[in-house]
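A closer look at the structure
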Amino acid sequence: MEIERKYLLRQLPEHLETYPSHRIEQGYLCTAPVVRIRRQDEEYWLTYKSKGLMVREEYNLPLTREAYLHLRPKTDGILICKTRYLIPLGGGLTAELDVFHDDYEGLFLVEVEFPSEEAAEAFLPPEWFGEDVTFSSAYHNSTLSGGVPER
C-alpha cells in the first residue's frame, strides 16, 4: 500500500546538492492500470499501481538490466527523467523531491509517504512546499508520460 501526499514547489531548498539523490528514468507500458518500468541508478523495477490518488496499491518486482532495456522501447509516450533528492523532514518522514529533466525541465514535485491515512491527513507541509496536488491525477507520472500539460 502506498499512502502519499504530493506538492508542487514554491522554491527549491537551499543546498540541494548536499542531500542523497538518485537518477531515475521511467516509462509506462500501460496507464490503466499503471504498469511502469524504472531505472533508479543501477537498479531496475517493474511496478504495478492500482487506481487512486492519496492511497493506492503498489507492487514492485525487480528486473534485470537486460529485461529493462528490452521493455524500454515498448513504453508509451514520454520517457520521464528526473533526479530524486531525499530530504529528511523529521518524525521519520522524508520528502522525495523530484527535479525533472528533458521534456519536463523546470517541473519540481515533492512527495511524502506516510504509514497511515491518518498521518497523511494530519500532515502540515513545510513552508517551502507549494500547492497540494495530491488529489489531482494531472501530476501522476503516468499522466505526465502522455504529454506535456499546460503550465
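Source: prediction; values computed, not measured.

1. Focus on unusual backbone geometry
- Here Ala 32 and Pro 33 are connected by a cis peptide whose omega angle stands at 5°.
- If you trace the backbone, Pro 33 turns up in the loop between strand E2 (21-31) and strand E3 (34-40).
- Residues other than glycine seldom take positive phi values, yet Asp 41 does so here, at roughly 55°.
- Looking at the secondary structure, you find Asp 41 in the loop between E3 and strand E4 (43-49).
- Here Asp 102, not a glycine, exhibits a phi torsion of approximately 55°, which is positive.

2. Some remarks on the side chain of Arg 5
- Counting through the fold element by element, Arg 5 comes out in strand E1 (residues 2-9).
- With a relative accessible area of 10%, Arg 5 lands in the buried category.
- At 3.4 Å, the side chain of Arg 5 and the side chain of Tyr 7 are in polar contact.

3. Some remarks on the pattern of salt bridges
- Going through the model one piece at a time under the given rule, you end up with ten salt bridges.
- Across the pair Glu 2 and Arg 56 runs a salt bridge, and its minimum N-O distance is 3.9 Å. With Glu 2 in strand E1 and Arg 56 in strand E5 (residues 55-56), the pair connects residues that are 54 residues apart, well separated along the chain. Across this residue pair, the class does not change: Glu 2 and Arg 56 are buried.
- Its salt-bridge partner being Arg 39, residue Glu 42 comes within 3.8 Å of it at the nearest N-O pair.

4. Some details on the environment of Glu 58
- Of note, Glu 58 is situated in strand E6 (residues 58-63).
- Each C-alpha atom of the pair Glu 58 and Leu 93 lies 19 Å from the other, and the pair is 35 residues apart in sequence.
- For Glu 58, the residues in contact, after removing those within four places along its chain, are Glu 2, Thr 47, Tyr 48 and Lys 49.
- Among the polar contacts listed, one links the side chain of Glu 58 to the side chain of Lys 49, at a separation of 3.2 Å.

5. Observations concerning the environment of Glu 42
- Residue placement: Glu 42 occurs in the loop between E3 and E4.
- Between the C-alpha atoms of Glu 42 and Leu 12, which are 30 residues apart in sequence, the distance is 26 Å.

6. A look at the side chain of Asn 141
- Checked against the element boundaries, Asn 141 lands in helix H3 (residues 141-144).
- Residue classification places Asn 141 among the buried positions, given a relative accessible area of 8%.

7. Structural notes on the UniProt feature "active site" (unreviewed entry) in the protein
- Per the UniProt record, the feature "active site" (unreviewed entry) sits at Tyr 28.
- In this structure, Tyr 28 is in contact with Val 34, Val 35, Arg 36, Thr 75, Asp 76, Ile 80, Asn 141, Ser 142 and Ser 145, ignoring residues within four places of it in sequence.
- Side chain to side chain, Tyr 28 and Gln 26 meet in a polar contact 2.9 Å long.

8. Some remarks on the pairing of E2
- Summarising the sheet, E2 and strand E7 (residues 76-90) pair through seven bridges and their orientation is antiparallel. Among the inter-strand pairings, Arg 23 is bridged to a residue of E7, identified as Thr 83.
- Where E2 and E3 come together, seven bridges link them in antiparallel fashion. Of the residues in E3, the one forming a bridge with Gln 26 is Arg 38.
- Hairpin remark: E2 followed by E3, antiparallel, with two residues in the connecting loop.

Reading the values: the criteria
- Residues numbered from 1 in each chain as written.
- Predicted model: local features only at pLDDT ≥ 70, side-chain atom pairs only at ≥ 80, totals over all residues.
- Heavy atoms only, no water.
- Helix = DSSP H or I, 4+ residues; strand = E, 2+ residues; numbered from the N terminus.
- Buried < 20%, exposed > 50% of the residue type's maximum accessible area, 1.4 Å probe, protein only.
- Polar contact = N/O pair within 3.5 Å; in protein donor to acceptor, adjacent residues only side chain to side chain.
- Salt bridge = Lys/Arg side-chain N within 4 Å of Asp/Glu carboxyl O.
- Contact = heavy atoms within 4.5 Å.
- UniProt positions renumbered as here; feature names shortened; annotations may be inferred.
- Pairing = 2+ DSSP bridges.

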